[in-house]
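Structure assessment
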Amino acid sequence: MKTTMIDLRSDTVTRPSPAMRAAMAAAEVGDDVYGEDPTVNLIERRAAEIFGREAALFVPTGTMGNQIAIRLLTLPGQEVIAESRAHILDFEMATTAVFSGCLIRAVPGEGGVLRWKDIEPAITPVGPFRAPTGLIEIENTANLAGGRCSRLDVLQEIWEGAHERKLPLHLDGARIFNAAVALGVDVKTLTRGFDTVMFCLSKGLGAPVGSMLVGAAEKMARARLLRKSMGGGMRQAGVLAAAGLVALEDGPKCLAADHAHARLLADALALIDGVAIDLASVETNIVIFRLQAGRGASDLVARLKARGVLANAFGPDAIRLVTHRDVTRAQCIEAAAVLTEEIVSPVNVRGAK
């Protein structure tokens, strides 16, 4: 196995940059549970400013940020409408049920993107038989839809419809900066209609850890208490927030290159017999492709690893690749060549020649 791996499993695998390490070493800290960490306070003010909100809260993970928001905006016994492949449904350990006492109403959206025409029929009013809808949740970009973006006109219709129905809205914006770069729309505009927004510092922006939740001051004050109840009181967390500040200011500048690298990989995969890929879905830094044989994803991932390329299998036939600032264009070209060889002529076939 190669000693230097091309890691395309996720954009969470990035290492802190030299600027982040220097900021962490020099960070001024205090006890954040008392509200006394100046670096945490600074990143919360800066995040609120960028998103045009009254306040923000630094949390250790995106999952915690999402689940705090769901708890803030719902009552036990309600439903949360989300796309059928949403992160809160597939990758957050049923916490919506455990922590908020709510069920997720999974609604398929075309291309993995919810539109108002999908959401409206799924809304349940208060009544004697069914759990009423308490919240609408949108994910932008949509992870399992290949990083596809929800566009501003689509979001505007959802915001207006939810407002008419007096339903709150939460955005899982783990990769909202990717969407903003791809669409050419700033994050403040792209998120203005949501009651709460979570975004990750530790994905495309490149921080080693941390996410942010933004919203109204009253909601963020309550969110701080909920963070503590979930074990998120991190004390001298300024060491982490310092890296997050660097990521917040510098990270968006790298995203266009990440998107170009993903397109390079997708274009190479589209030329391979036996591969199914929707090129139109590759809008940001995620590439999902399928093996037309209907199986073999885990085996292919193992062969790729042996040749120095790390990827993730999603089911028997699907594989996800994610580009990020720690992977260069040259490495993506190399990875594309390895993928082509292993799909067209896997080791067992080549050895028989």
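The rules we used
Chains are numbered independently. Their residues run from 1 in the order of the written sequence. Totals for whole chains, interfaces and linings use every residue, but because this is a predicted model, local features are given only for residues with pLDDT of at least 70 and side-chain atom pairs only at 80 or more, for both listing and counting. Here the side-chain values reflect all heavy atoms present in the structure, with hydrogen atoms and water set aside. Secondary structure elements follow DSSP: runs of H or I of four or more residues count as helices, runs of E of two or more count as strands, with numbering from the N terminus. Under the scheme applied here, a residue whose accessible area is under 20% of the maximum for its type counts as buried, over 50% as exposed, and between as partly exposed, the area being computed with a 1.4 Å probe on protein chains only. Throughout this description, a polar contact denotes any pair of N or O atoms lying within 3.5 Å of each other; where both atoms belong to protein, one of them has to be capable of donating a hydrogen while the other can accept it, and for residues adjacent in sequence the pair is counted only when both atoms sit in side chains. Contacts are residue-level and defined by heavy atoms, with any inter-residue pair within 4.5 Å sufficient. Two strands make a pair as long as DSSP finds a minimum of two bridges between them. An axis is simply a line fitted to the C-alpha atoms; with a helix, the fit covers only the stretch in contact. Between two such axes, the angle follows the N-to-C directions and lies from 0 to 180 degrees. Here, a salt bridge means any Lys or Arg side-chain nitrogen found within 4 Å of an Asp or Glu carboxyl oxygen. Multiplying 1.5 Å by the helix residue count minus one yields the expected span of that helix. Directions pointing from the helix axis toward each C-beta atom define the arc. Note on terminology: angles under 35 degrees are roughly parallel, angles over 145 are roughly antiparallel, angles of 65 to 115 are roughly perpendicular, and the others are oblique. Whether a crossing is left-handed or right-handed is set by the direction in which the near helix is turned from the far one by less than a right angle, anticlockwise for left-handed and clockwise for right-handed. Residue polarity follows a fixed list, in which Ala, Val, Leu, Ile, Met, Phe, Trp, Tyr, Cys and Pro are nonpolar, Asp, Glu, Lys and Arg are charged, and the others, Gly among them, are polar.

Things to note about the side chain of Arg227
With respect to the secondary-structure elements, Arg227 resides in helix α10 (residues 217-229). You can call Arg227 buried: its relative accessible area is 2%. Of note is the side chain of Arg227, whose polar atom sits 2.6 Å from the backbone oxygen of Phe58. The contacts of Arg227, once residues within four sequence positions are left out, are Asp32, Glu44, Leu57, Phe58, Val59, Met64, Ile68, Gly232 and Gly233.

A look at the sheet that holds strand β4 (residues 103-107)
Spatial ordering of the open sheet is given by β2-β8-β7-β6-β5-β3-β4, a layout of seven strands whose pairing is mixed. Two strands close off the open sheet at either side, each with one partner strand: β2 (55-59) and β4. On average, each strand axis in the sheet is inclined to that of its neighbour by 20°, with strand direction left out of account. One ladder, built from five bridges, connects β2 with strand β8 (residues 211-215); its direction is antiparallel. Bridge pairing in β8 links Leu57 to Leu213. Sheet strands touched by helix α2 (residues 38-51): β2, β7 (196-200) and β8. Its angle to β2, the strand with the most contacts, is close to 130°.

Some words on the pattern of salt bridges
For side chains of opposite charge, pairing can occur when their charged atoms come near one another. For the structure on display, the rule yields 21 salt bridges. Between Glu249 and Arg46 there is a salt bridge, and its shortest N-O distance comes to 2.5 Å. Taken together, the residues span a long stretch of sequence, with Glu249 in helix α11 (residues 238-250) and Arg46 in helix α2 at a distance of 203 residues.

What to know about helix α14 (residues 329-344)
For α14, with 16 residues, the first-to-last C-alpha span of 22 Å sits near the 22 Å given by 1.5 Å per residue. Turning to α14, its buried residues are Gln331, Cys332, Ala335, Ala336, Val338, Leu339, Glu342 and Ile343. For α14, the buried positions fall inside an angular range of 170° around the axis, keeping them on one side. Turned more than 90 degrees from where α14 packs its buried face, Ala330 and Val344 sit exposed.

Details of the sheet that holds strand β12 (residues 312-314)
Read from one edge of the open sheet, four strands run β9-β10-β13-β12, paired in antiparallel fashion. Each end of this open sheet is capped by a strand with a single partner; those strands are β9 (275-276) and β12. In this sheet, strand β13 (residues 318-322) lies alongside β12 in antiparallel orientation, the contact comprising three bridges. The partner of Phe314 across the bridge, within β13, is Ala318. Along the sheet face, helix α12 (residues 255-269) touches β9, β10 (286-291) and β13 and points at about 15° away from the line of β10.

Notes on the packing of α12 against α14
One can describe the packing of α12 onto α14 by two numbers: an axis separation of 9 Å at closest approach and a directional angle of 20°. One way to sum up the angle between α12 and α14 is to call them roughly parallel. Viewed along their axes, α12 and α14 form a crossing whose handedness is right-handed. Across from His261, Leu264, Leu265, Ala268 and Leu269 in α12, the residues of α14 making contact are Arg329, Cys332, Ile333, Ala335, Ala336, Leu339 and Ile343. Grouping the constituent residues of the contact of α12 with α14 by class yields 10 nonpolar, one polar and one charged.

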